[in-house]
Structure formats: structure tokens, C-alpha cells
Amino acid sequence: RMAAGDVTATITKTRAFKCNAFDGVDDVVTSANISTSEGTLTDNSFTVSCKARFYENEANETTLEFHNGSVSSFRMTRTSIGNLGANITTQAGAAVTTGNIPYSYGVWYHLLATKSLTEIVFYLNGVASTPGDTSVSSDYRALAVIRIAANLSNNAFMKGHIADMKVWNRVLTAAEIAADYAGSGPTDGLVHYVKLGGDYTDYGSKSVTFTNTGSVPFVVDDALAAAVKAQRVASTDKWMLWRGSGG
């Protein structure tokens, strides 16, 4: 029942962006082999980030995996049930995990991890985890491959959406991490940047080839098109009508 005095409110600030939808079965975006001569991560320190939205409690919801040509790998991934973080598995089989930050399904997050010579730190929406020790970690100065939305070491795939995968060859400062979370990350040291949403060009300084297998371009629009509601002018007015769209 609509009351007198109906109003229309329109949100003018939108947050529309492109991403890729991954099915959790076998979808993955993979880089070509990254040459040793490129020296991608010059001093074995780096920062990685992306935007992601998860849809299922998969066994291993990996958004990004570095693999250095052996059994060693670095991942931003689900570290335990309902928690996200980052981990490193070394050639000797040792593992370092940091993060375990709670998250919810169907919600967009900004994921970022830094690895220095001494520690690894995971950030969820700009909030840092307790650092993990990386003294046992392997050498990532010459990456072999980057995988988006898959952990092929365990044959596990993410179900959800990912956008704006970035890799820097250094540890970002606190101010730069905050800027990347806000959508304006630094370009200094940006060696790989894949926007996704159907665009697999590497806009980083190394410009390697990325290939999509199976995932589908998708456009997220978090703008509420219009909200129409009834002003409650009497105690008997109970109804409200809403029209809008969500990402």
C-alpha cells in the first residue's frame, strides 16, 4: 500500500568495473613462461594485489598463485574455513602462512600481500595480518608462471569473480597500500598488471602474455538505479517499494 508523499532517490556515485567470472571447476588465467632474464622480482621482494568476490566454501579458494618452476609456490588463498591469507610452500616442503582474516561470501574484497626478505604480510581491505617469517622461503626472483583463480599444485579452482591483478617488484609502503585499496595504486615497480573483464593485456613493465581458459568476462555495477519509497505519514502505512540493481 502506497502512502501520499512518495519520493524518488537516485544514487549518482557508481562503482561499475569489469572482472572475470570463474566457475570453480577448471577456469584459470595463466601467464606465459616468465623468462629468468627478466629479473621480475629483483631482490626476492614483491607485492601482489587484486579485487575478489567468493561464492563457495571451496577446499582451496586461490585468487593468485606464483610458481617458480619447482614445487615452490606463493598464493593468496583461503587459509582455513571462512578465512583468507597468504602462504608460501618451499622446495623443502616447509610452509609459511599468514592471514586467517575472516571474510564473507558474495562480498567484494581488496586482497594484497607483501613479501620481503624477512616476512610476509597479508592485507584484507587494507587491514594487515600478523607477519609470517619468510626466512625459509624460496627464490622468486625468476618466476616461471602466474596463475589467476587456480592452485594447480592441488588442482583446486576458485568460484567467484576477480579483477585487477597486480604485481610489484618491491614491498609497497603503508601509504601505497592504502592508495591501491582506494583504487589508485602506484606504478613504480609495477611489473605485471592484468585488468581482466576480457582484457588479458599485461599493462606492467614486463608485458608478458596472459591466456584465459574458460572464465567469462563480467561487469559489476554496484549502483542503485533508483529507490522509490512511501513516506510513512500514518501508523497504518506499512509498505515500501524498492527498485534497484546490485553487483
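On a predicted model such as this, the values are computed, not experimentally measured, just so you know.

Cut-offs applied
- Residues numbered from 1 in each chain as written.
- Predicted model: local features only at pLDDT ≥ 70, side-chain atom pairs only at ≥ 80, totals over all residues.
- Heavy atoms only, no water.
- Salt bridge = Lys/Arg side-chain N within 4 Å of Asp/Glu carboxyl O.
- Helix = DSSP H or I, 4+ residues; strand = E, 2+ residues; numbered from the N terminus.
- Buried < 20%, exposed > 50% of the residue type's maximum accessible area, 1.4 Å probe, protein only.
- Contact = heavy atoms within 4.5 Å.
- 1 Å grid on protein atoms, 1.4 Å probe; cavity = no way out; pocket = protein on both sides within 12 Å on 5 of 7 lines; lining within 4 Å.
- Points joined across faces, edges and corners; volume = space filled by probe spheres on them.
- Nonpolar A, V, L, I, M, F, W, Y, C, P; charged D, E, K, R; others polar.

Draft legend 1. The arrangement of the pattern of salt bridges in detail. Inspection of every chain in the model, using the stated rule, returns four salt bridges. The salt bridge involving Asp180 is made with Lys166; its shortest N-O contact spans 2.9 Å. Pair noted here: Asp180 is in helix H1 (residues 174–181) and Lys166 is in strand S16 (residues 159–168), with a separation of 14 residues, a long-range link.

Draft legend 2. Broad picture of the environment of Thr79. Within the secondary structure layout, Thr79 lies in strand S6 (residues 73–80). For Thr79, a relative accessible area of 22% gives the class partly exposed. When the C-alpha atoms of Thr79 and Gly99 are compared, they prove to be 7.3 Å apart, with 20 residues separating the residues in sequence. If sequence neighbours within four positions are ignored, Thr79 has contacts with Leu84, Gly85, Ala86, Thr97, Thr98 and Asn100.

Draft legend 3. Structural view of the layout of surface pockets. Considering only enclosed or pocket space, the largest pocket measures out at about 460 Å³ in volume. The set of elements that each furnish at least two residues to the lining of the largest pocket consists of strand S2 (16–23), strand S4 (46–54), strand S9 (108–115), S16, H1 and strand S17 (190–196). Partitioning the lining of the largest pocket into residue classes produces eleven nonpolar, seven polar and five charged.

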